[in-house]
2 protein chains.
Amino acid sequence: MFISRWVIMFAVGIGTALLAAGVQISVEIIAHEKFHLIQKFLDKCSVEGCTLFTPVIIWIAINFFISSLGAALVTYVQPVAAGSGIPFIKSYLNGVRIPGLLTLQAFVAKTLGVILSILGGLACGKEGPMAHSGGIMAAGLAKGRMRLRKNKEIKFYDAFRSDHEIRDFVAAGAASGVSAAFGAPVGGTLFSVEEAASFWNTELVWKVFFSAMVACFSTNFLLSAFEGHPTHLSSPGLVRFNTFQNLSFDLIEILVFLVMAVIGGLAGALFVVLNYKLTVFRKNYIRKKWLKVLESGIVSVASAIIAFLLMYGVNECTDVKPYSDHAITSQMFCKDKSHNSMSTLFLTTPEGCLKALLHDPHDAYGVVSLTVFIIVFFLLGVWTYGLSVSSGVFIPSLAIGAAWGRLIGIGVVELFPHHDVGKYALIGAASMLGGILRTTISLTVIIVECTGDISFGLPIMLTLMISKWVGDFFTTGLYDMNIEVSGIPLLSSEPPILCEHVKASEVMSQPVLALQTQEKVGTIIEILDSETYGGYPVVDVRKKDQHYVVGKLRGIILKNQLLVLLEKKIFAPEGLLPPTSNIQMKDFDNPYPIGQRLQLKDITVTEEEKEYILDLKPYMNISPYTVGPSFSMPRVFRLFRGLGLRHLIIINDKFEVIGMVTRKDLAKFRSESKRGMLKVEHLTIQDV
Amino acid sequence: MFISRWVIMFAVGIGTALLAAGVQISVEIIAHEKFHLIQKFLDKCSVEGCTLFTPVIIWIAINFFISSLGAALVTYVQPVAAGSGIPFIKSYLNGVRIPGLLTLQAFVAKTLGVILSILGGLACGKEGPMAHSGGIMAAGLAKGRMRLRKNKEIKFYDAFRSDHEIRDFVAAGAASGVSAAFGAPVGGTLFSVEEAASFWNTELVWKVFFSAMVACFSTNFLLSAFEGHPTHLSSPGLVRFNTFQNLSFDLIEILVFLVMAVIGGLAGALFVVLNYKLTVFRKNYIRKKWLKVLESGIVSVASAIIAFLLMYGVNECTDVKPYSDHAITSQMFCKDKSHNSMSTLFLTTPEGCLKALLHDPHDAYGVVSLTVFIIVFFLLGVWTYGLSVSSGVFIPSLAIGAAWGRLIGIGVVELFPHHDVGKYALIGAASMLGGILRTTISLTVIIVECTGDISFGLPIMLTLMISKWVGDFFTTGLYDMNIEVSGIPLLSSEPPILCEHVKASEVMSQPVLALQTQEKVGTIIEILDSETYGGYPVVDVRKKDQHYVVGKLRGIILKNQLLVLLEKKIFAPEGLLPPTSNIQMKDFDNPYPIGQRLQLKDITVTEEEKEYILDLKPYMNISPYTVGPSFSMPRVFRLFRGLGLRHLIIINDKFEVIGMVTRKDLAKFRSESKRGMLKVEHLTIQDV
């Protein structure tokens with residue numbers, strides 16, 4: 001088991017790298033072809049003086065077709081593959097079960113989907129989806145099987161079965177995904193820990209780190225091999241910010257950075273607010289599947305039209321050679337040897353656009369171009385995130401930030417000519433991303449690893465810190481907003497504020513459905529049918545009011561255990577001993593891939609058997625976690641977070657069960673800060 | 001409070017940087033002078049043909065004098081400043097109280113001491129001590145006061161008082177120390193988390209990271225300013241491995257690295273075993289203070305003599321210019337334009353020696369020189385660690401490893417001439433350090449940050465992984481060995497193996513000294529006098545057998561609270577109400593700097609008052625953590641680690657107290673692997 005764990009971690013790293021490199025290479029090749037085609041038509045028209053009608057129609061058609069395909073894939077195959085996937089992975093790692101999240105369908109929809117989204121010209125990146133795909137791959141490798149559809153699966157080998165262990169592998173997969181995407185093994189690991197982990201487990205983090213390191217290295221190797229020099233190892237990740245010529249800075253510049261951080265925080269909060277309104281609108285009005293697909297198509301068409309209008313309308317010409325030799329520029333109406341400056345930004349993937357904004361010489365884009373670009377790309381970014389397509393928000397956020405950062409940089413360079421705009425674009429990108437996502441530690445490390453310069457770490461850190469503070473003053477982060485809107489009972493990392501005086505007795509559900517140590521089969525079935533708890537206290541009888549048995553606590557039994565006991569028919573008429581020979585410890589392991597558990601409806605029990613008695617004593621956990629009713633809410637919270645609890649039984653001083661706290665009970669309490677005001681909300685949690 | 005916390009974190013970073021830069025600059029300047037002096041005499045003698053008597057005597061005298069001074073400082077001022085301090089800081093962060101650890105004396109002894117140790121020619125580094133000094137500085141800044149000696153302190157401002165908060169600052173200080181030492185802010189932060197933290201608290205880690213980043217940046221700034229170009233920021237840490245010209249590698253080379261990792265693990269285990277024997281010997285025979293000082297003097301004299309004998313005896317000449325212009329070489333008996341190759345390694349600080357081994361051209365040292373150097377330096381390293389001086393083990397370990405790594409590198413270069421020895425020296429250094437310390441995540445990140453090349457992260461990681469596995473097969477790591485030998489009740493990060501079936505009832509102390517809700521003052525004093533628990537259960541009376549009151553659990557009260565209640569005389573004759581006006585919540589904060597708490601002996605209670613009644617109900621915590629007797633040991637363990645518990649009360653199903661588990665009870669169980677055999681030990685824990 002020890003060895004196989006490391007082997008699988010290794011495989012997760014390699015697999016994620018193959019995936020990342022595959023996605024990267026296919027996107028780069030096809031996108032290049034696409035934009036070359038458009039460029040050719042554009043240039044031909046502008047030279048020959050045609051109406052530009054042909055290239056625009058081609059552009060629109062390509063975008064519409066590809067992105068609708070991507071949207072259809074996600075919408076019809078596995079809707080959980082929509083968006084970046086990070087909010088879902090985060091919730092899953094936090095212990096919330098999300099149906100379909102780790103299936104083969106989700107994998108296909110996510111991975112193919114993100115390629116199609118980018119090719120479809122949507123303002124999105126492939127980094128978030130990479131974390132999700134990595135997670136699914138890790139789960140598949142750990143289980144040694146892939147579920148195709150209900151009751152059908154391919155099985156390769158027997159490996160890990162318990163939820164707990166698979167979760168560890170998913171954490172490694174997500175870390176590897178981020179690591180492969182950004183060439184940031186440390187950042188990826190910290191991302192997994194920061195977003196997901198309740199507690200620091202050195203053993204586990206070390207394994208996750210290993211997997212992330214393998215992923216980073218292998219991606220590097222594969223991409224370098226693709227470029228023809230495998231041992232040079234020049235491309236650690238899909239997105240690397242490339243080397244900045246000069247990242248040294250004067251202390252006085254930190255003041256400018258801080259102002260930029262505030263702007264980033266404000267802009268980020270605005271992004272979240274607008275996206276929130278849009279999400280609510282979508283939840284209410286865009287519910288039909290074909291509508292979702294259509295919306296994605298429309299956004300991609302709009303993206304193409306807007307891009308074209310900007311190139312046509314702003315029509316700023318420049319003769320500055322772009323940073324990369326691969327960049328596609330269109331001459332449009334510019335005179336020879338110069339090109340339309342907007343074309344460098346739009347005739348490329350969002351990632352290419354980001355790199356151009358970070359590295360192009362400071363006079364590559366005019367002030368007007370940049371200003372228009374910022375506004376338009378910001379709105380496109382808001383509109384795109386939340387579509388029913390597989391899409392990440394990292395790259396567009398960075399690109400928006402890099403654009404306004406560059407704008408500020410141009411201002412600074414006007415005043416102090418010896419400075420470089422790239423630095424400001426980088427800070428702008430960091431602050432924008434910080435303002436939208438509000439992650440701190442991992443984001444700092446990821447950006448530092450992306451730039452490869454430790455000395456610039458302090459400004460990046462300060463920027464992220466301030467933009468988070470400013471943003472948090474107005475809204476929660478984009479991912480958390482997502483999670484809240486979808487009603488997932490996620491526990492935040494800290495107990496909600498203003499809850500110090502709330503007691504366990506006020507949080508707990510009561511009365512509790514409890515079982516007796518020797519319980520009638522019929523009663524068990526009724527209870528399982530009527531409630532959705534994952535575990536039930538087992539008590540001595542004292543008084544009985546329908547199913548609400550009150551009595552001394554004896555143990556706890558899980559729903560899954562009850563189902564297995566019922567299915568194996570470990571019960572007998574009262575007074576007789578039940579058959580115990582046909583049940584073993586391993587039957588209680590969850591033998592089903594996630595999403596296909598034993599269900600109550602799969603179990604058939606005759607009317608006669610319903611009168612039989614099931615003796616729970618041999619199977620129940622006799623030492624559940626318990627606390628008294630006066631235990632404070634923050635301490636209950638820490639128990640759940642710190643120990644990954646799912647059920648906490650509340651007992652009185654006679655050791656009788658008086659209530660039970662589950663994650664959902666806690667997740668109801670969520671303190672929000674909106675427009676700087678604090679409030680505690682008591683949410684209604686939907687079942688997911 | 002929010003703002004002041006960040007301000008102090010900032011100050012911790014700046015302070016640590018000032019400290020690190022100060023130590024670095026003074027060591028560099030003085031050591032350079034010292035070795036120049038010796039070199040001058042050596043060269044003069046060898047040219048003029050004298051007996052070499054003068055330089056050796058001067059060398060011995062300087063070493064003996066300086067290192068004895070350093071030893072005396074530590075031994076007489078604050079013995080807790082001996083060694084690297086990391087084991088103590090680790091224990092402290094884990095919740096163990098170590099008297100004197102965070103005092104001004106310890107700071108002075110540690111900081112001045114490490115300068116003297118290095119100048120005294122001992123085989124030690126200044127990185128571990130930096131973590132300790134950083135921690136002390138942080139504690140001082142957080143408390144706003146420094147204790148000079150008993151009852152005397154300088155107070156600057158009122159800041160943080162609670163143990164818990166000061167611990168957070170110490171974590172930041174330690175991280176900043178490592179960060180400043182290695183230019184590794186991420187590594188430093190992870191070091192603090194890996195060594196210390198029981199759980200991942202994003203808020204806290206973010207603060208620690210901030211402080212480490214400030215420390216790294218400021219050290220960089222100060223050292224660059226010292227070299228005359230403050231904005232170049234070329235020296236992120238005290239020890240940076242400098243840029244390697246070529247760290248690319250073929251996949252096949254990984255096999256060589258793996259073999260080296262095994263060697264590192266074996267050599268590391270040998271280091272720990274030898275040092276363990278020596279530590280036990282020292283504990284038994286070198287107990288007098290003057291003996292300790294003398295031993296340090298002897299080791300430094302031996303170091304000088306051995307260095308001289310090697311330079312004299314091996315007498316290998318080379319004309320290869322050393323890597324750094326600052327290196328001091330001695331011609332000795334070599335012909336003109338060439339120099340004694342050993343002299344480059346010995347006429348410098350251990351840090352200079354390490355850099356020379358990593359970066360000097362591959363023909364700078366002969367095979368014989370290196371072999372002799374490795375053996376001698378290994379033994380010197382073992383002998384030095386554990387002396388009563390302030391000394392770190394990072395640099396000597398790295399230097400030993402770099403030496404044998406270079407030896408292997410020379411072999412490889414013989415076979416495949418286009419390779420570079422520097423790479424092998426680096427892997428050797430990493431594997432040796434990994435074999436001795438057994439830290440994983442933070443060490444990988446630190447070394448990667450030190451080299452500044454992510455692509456070489458994977459080989460370093462694999463090396464550290466294997467060397468840890470190999471080493472762990474034989475012994476625990478050096479720090480853990482230290483902690484075990486000194487009997488500190490530290491909980492490991494995982495529950496001890498082979499303890500799955502041990503129950504809480506077998507671990508707990510019983511019978512428990514408990515108090516009644518209304519207790520006689522005399523009884524409280526007797527109980528406080530007879531036992532050293534930090535907290536006592538409060539129960540209803542049921543039966544009474546001397547002080548062992550059995551009854552329903554009502555709450556828990558801390559020793560500290562009892563002492564404050566007694567001192568404030570919150571008691572009254574039976575039936576009367578006690579005076580409550582003169583006590584406030586903040587009286588229960590610990591108003592004393594660590595090491596100077598309210599003691600029972602400071603409290604005077606008259607014989608009459610001993611009959612009075614103290615009502616504990618208003619002050620006790622009514623919701624202590626409790627579990628049943630059948631709770632398993634690993635789960636108890638996780639409660640302690642995960643929640644930072646200090647007392648866990650064991651109750652039966654009548655809610656009566658039947659026992660209590662403290663950290664010491666748990667620390668008794670320690671599973672050891674020695675020579676590949678597993679065993680569970682039941683240690684006797686001394687009071688520290």
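Quick notes on the rules
Residues numbered from 1 in each chain as written. Chains lettered and ligands numbered in written order. Predicted model: local features only at pLDDT ≥ 70, side-chain atom pairs only at ≥ 80, totals over all residues. Heavy atoms only, no water. Helix = DSSP H or I, 4+ residues; strand = E, 2+ residues; numbered from the N terminus. Buried < 20%, exposed > 50% of the residue type's maximum accessible area, 1.4 Å probe, protein only. Contact = heavy atoms within 4.5 Å. Areas by Shrake-Rupley, 256 points an atom, 1.4 Å probe, with all protein chains shown as cover. Phe/Tyr/Trp six-rings, centres within 6.5 Å; stacked < 30°, edge-to-face > 60°. Lys NZ or Arg CZ within 6 Å of the ring centre and 35° of its normal. Buried area = accessible area lost by both parts, 1.4 Å probe. Salt bridge = Lys/Arg side-chain N within 4 Å of Asp/Glu carboxyl O. Polar contact = N/O pair within 3.5 Å; in protein donor to acceptor, adjacent residues only side chain to side chain. Pairing = 2+ DSSP bridges. Axes fitted to C-alpha atoms, helices over the stretch in contact; angles between N-to-C directions. Least-squares fit on C-alpha atoms with pLDDT ≥ 70 in both. pLDDT = per-residue confidence, 0-100. Parallel < 35°, antiparallel > 145°, perpendicular 65-115°, else oblique. Nonpolar A, V, L, I, M, F, W, Y, C, P; charged D, E, K, R; others polar. Patch = residues over 30% accessible without salt bridge, like charges linked within 9 Å, V, L, I, M, F, W, Y side chains within 5 Å. Left-handed = near helix turned anticlockwise from the far one by under 90°. Core = buried A, V, L, I, M, F, W, Y, C linked by side-chain atoms within 4.5 Å.

*Asks:* Help me understand the overall build of chain A in this model?
*Replies:* When its secondary structure is counted, chain A shows 23 helices and 16 strands. Counting only residues that meet the buried cut, chain A has 62% of its 688 residues in that class. Excluding contacts between residues fewer than 6 apart, the proportion of contacts in chain A whose partners are at least 24 apart in sequence is 74%. About 26400 Å² of surface is accessible on chain A, with carbon and sulfur atoms providing 61% of the total.

*Asks:* I would appreciate a short explanation of the side chain of Glu295 of chain A in the present structure.
*Replies:* Residue and element names in this part refer to chain A. Relative to the elements of secondary structure, Glu295 occurs in helix α10 (residues 289-314). A relative accessible area of 11% means that Glu295 is categorised as buried. Contact partners of Glu295, with chain neighbours within four places excluded, come to Arg282, Ile286, Trp383 and Leu387.

*Asks:* In this structure, what is going on with the packing of aromatic side chains? I would like to understand it.
*Replies:* Both the distance between ring centres and the angle between the ring planes are used here to describe each pair of aromatic rings. Evaluation of the coordinates by the stated rule reveals 30 aromatic pairs over all chains. Ring geometry for Phe373 of chain A versus Phe377 of chain A: centroids 4.9 Å apart, planes at 15°, classification stacked. In this pair, Phe373 of chain A and Phe377 of chain A both sit in helix α13 (residues 367-384), 4 residues apart, roughly one turn of the helix. By relative accessible area, which is 6% here, Phe377 of chain A ends up buried. Grouped by ring-pair contacts, the aromatic residues Trp6, Phe10 and Phe210 of chain A together with Trp469 of chain B constitute a single cluster. The positively charged end of Arg635 of chain A is found above the aromatic ring belonging to Phe631 of chain A, 4.3 Å away from the centroid.

*Asks:* I'm lost on the interface of chain A and chain B in this one. Help?
*Replies:* When the parts of a complex come together, some accessible area is lost, and that lost area is often taken as the interface size. Chain A puts 62 residues into the contact, and the matching count from chain B is 63 residues. For the pair chain A and chain B, the summed buried surface comes to about 5800 Å²; carbon and sulfur atoms form 73% of the total. The tally of links between chain A and chain B comes to 2 salt bridges. Between Asp653 of chain A and Arg554 of chain B there is a salt bridge whose closest N-O contact spans 2.9 Å. Between the two partners, chain A and chain B, sit 10 residue pairs in polar contact (both at pLDDT 80 or more). Elements supplying a minimum of two residues to the side of chain A that touches chain B: α1 (2-48), α7 (185-196), α8 (202-226), α16 (441-451), α17 (457-474) and α22 (633-643) of chain A. With 11 residues, α8 of chain A is the largest single contributor of residues to the side of chain A that touches chain B.

*Asks:* Which parts of the structure should I look at to understand the sheet that holds strand β13 (residues 647-651) of chain A?
*Replies:* By definition, the strands of a sheet pair up through backbone hydrogen bonds, in either a parallel or an antiparallel sense. Residues and elements named next belong to chain A. The mixed open sheet is built from 3 strands, whose spatial order is β12-β13-β14. With one partner strand each, in any of the chains shown, β12 (626-627) and β14 (657-662) form the two edges of the open sheet. Pairing analysis gives 5 bridges linking β13 to β14, with the strands arranged antiparallel. Across the sheet, residue Ile650 finds its bridge partner in β14, namely Gly659. Where α22 meets the sheet, its contacts fall on β12, β13 and β14, and the angle it forms with β13 comes to roughly 145°.

*Asks:* Any chance you could explain the relation of the copies chain A and chain B here in plain terms?
*Replies:* Each of the two copies of the chain can be brought onto the other by a rotation about an axis and a shift along it. Mapping chain A onto chain B is achieved by rotating through 180° and translating by 0.0 Å along the same axis, at an RMSD of 0.1 Å. A rotation of that kind, with that shift, is consistent with a two-fold axis. Both copies contact each other with a shared surface, as 100% of the interface residues of chain A are interface residues in chain B too.

*Asks:* Help me out: how do you make sense of the confidence of the model for chain A in this one?
*Replies:* For any part of a model where pLDDT is low, the fine detail of the predicted coordinates should not be relied upon. Mean pLDDT over chain A works out to 82, with 85% of the residues at or above the 70 mark. This stretch, residues 672-688 of chain A, has a pLDDT under 50; its non-local contacts, to residues over four places away or in other chains, come to 48 contacts.

*Asks:* Looking at this model, I keep getting lost on the pairing of β14 of chain A. Mind explaining?
*Replies:* The two faces of the sheet receive side chains in turn, since in a regular strand these alternate between them. Buried residues dominate β14 of chain A, accounting for 5 of its 6 residues. The loop that links β13 of chain A with its antiparallel partner β14 of chain A comprises 5 residues; one of these, Phe655 of chain A, has a positive phi angle of about 70°.

*Asks:* What am I meant to see in the packing of helix α3 (residues 86-93) of chain A against helix α18 (residues 478-485) of chain A here?
*Replies:* Residues and elements named next belong to chain A. α18 packs onto α3 with a crossing angle of 70° between their chain directions and a minimal axis gap of 9 Å. With respect to α18, the axis of α3 lies roughly perpendicular. Facing α3, whose interface residues are Ile86, Pro87, Lys90 and Ser91, α18 presents Tyr479, Asp480, Asn482 and Ile483. Of the residues in the contact of α3 with α18, the class split is 4 nonpolar, 2 polar and 2 charged.

*Asks:* Teacher, can you tell me more about a nonpolar patch on the surface here?
*Replies:* Residue and element names in this part refer to chain A. There is a patch of nonpolar side chains on the surface, built from Phe64, Tyr76, Val77, Trp290, Leu294 and Ile298 and spanning about 570 Å² of accessible area. Secondary-structure elements contributing two or more residues to the nonpolar patch are α2 (53-77) and α10. Of note, Phe64 is situated in helix α2. Classification of Phe64 as partly exposed rests on a relative accessible area of 34%.

*Asks:* Mind showing me how you'd approach the sheet that holds strand β7 (residues 535-539) of chain A here?
*Replies:* Residue and element names in this part refer to chain A. On the basis of which strands lie adjacent, the open sheet formed by 3 strands has the order β5-β7-β10 and mixed pairing. On the outer flanks of this sheet lie β5 (515-516) and β10 (553-558), each paired with one strand and no other. Relative to β10, β7 runs antiparallel, the two sharing 5 bridges. Bridge assignment links Pro537 to a residue of β10, and that residue is Ile556. In the packing of helix α21 (residues 559-567) onto the sheet, contacts are made with β5, β7 and β10, and the angle to β10 comes to roughly 75°.

*Asks:* Would you explain the packing of helix α16 (residues 441-451) of chain B against helix α17 (residues 457-474) of chain B in this entry?
*Replies:* If you want to describe how two helices pack, look at the angle between their axes and the distance between the axes. Residues and elements named next belong to chain B. Close contact between α16 and α17 brings their axes to 10 Å; oriented N to C, the two are set at 145°. Remark: the crossing between α16 and α17 carries right-handed chirality. Contact with α16, carried on its side by Leu443, Thr444, Ile447 and Val448, involves Gly457, Ile460, Met461 and Leu464 of α17 and no other residues of that element. Here the contact of α16 with α17 is built from residues that sort into 6 nonpolar, 2 polar and no charged.

*Asks:* Looking at this structure, how should I read unusual backbone geometry?
*Replies:* Phi is mostly negative for residues that are not glycine, and the peptide bonds are mostly trans. Even without being glycine, Arg438 of chain A reaches a positive phi, approximately 70°. The residue Arg438 of chain A is located in the loop between α15 (421-437) and α16 in this model. Non-glycine residue Phe655 of chain B carries a positive phi angle of around 65°. Mapped onto the fold, Phe655 of chain B is located in the loop between β13 (647-651) and β14 (657-662).

*Asks:* Quick question: what am I supposed to make of the nonpolar core here?
*Replies:* The nonpolar side chains of a soluble globular protein tend to be buried with one another. Grouped together as the largest cluster of nonpolar side chains are 316 residues, with contacts concentrated most on Leu357 and Phe373 of chain A together with Leu357 and Phe373 of chain B. If one sorts the elements of this core by residue count, α1 of chain A sits on top with 13 residues. Among residues more than four places away in sequence, those in contact with Leu357 of chain B are Leu345, Leu370, Phe373, Ala399, Ala402, Ala403, Arg406 and Ala425 of chain B.

*Asks:* I'm lost on the environment of His418 of chain B in this one. Help?
*Replies:* Residues and elements named next belong to chain B. Assignment of secondary structure puts His418 in the loop between α14 (394-415) and α15 (421-437). Judged by its relative accessible area of 60%, His418 is exposed. Distance from His418 to Leu270, taken between C-alpha atoms, is 34 Å for residues 148 residues apart in sequence.

*Asks:* Is there a simple way to explain the pattern of salt bridges in this structure?
*Replies:* Side chains carrying opposite charge are able to pair once their charged atoms draw close together. All names here are of chain B. One pass over the full model with this rule turns up 30 salt bridges over all chains. Ionic pairing is found between Glu165 and Arg5, a salt bridge with its closest N-O pair at 2.7 Å. Note that Glu165 is positioned in helix α6 (residues 163-182) and Arg5 in helix α1 (residues 2-48), a separation of 160 residues in sequence. In this structure Arg5 comes out as partly exposed when scored by relative accessible area, which is 24%.

*Asks:* Looking at this model, I keep getting lost on α21 of chain A. Mind explaining?
*Replies:* Residues that lie three or four places apart on an α-helix share one face, since the helix turns once every 3.6 residues. Residue and element names in this part refer to chain A. All buried positions along α21 are accounted for by Gln561, Leu562, Leu563, Val564, Leu565 and Leu566. Tucked inside the fold, the buried residues of α21 contact β5, α20 (521-530), β7, β10 and β11 (613-615). A positive backbone phi angle near 55° is found at Lys569, which sits one or two residues after α21.

*Asks:* Any chance you could explain the environment of Val23 of chain B here in plain terms?
*Replies:* Residues and elements named next belong to chain B. Position of Val23 among the secondary structure elements: in helix α1. Overall, Val23 belongs to the buried group, its relative accessible area being 3%. Here the alpha-carbon distance between Val23 and Met130, two residues 107 residues apart in the chain, equals 9.2 Å. Not counting the four nearest positions on each side in its chain, Val23 is found in contact with Thr111, Val114, Ile115, Lys126 and Met130.

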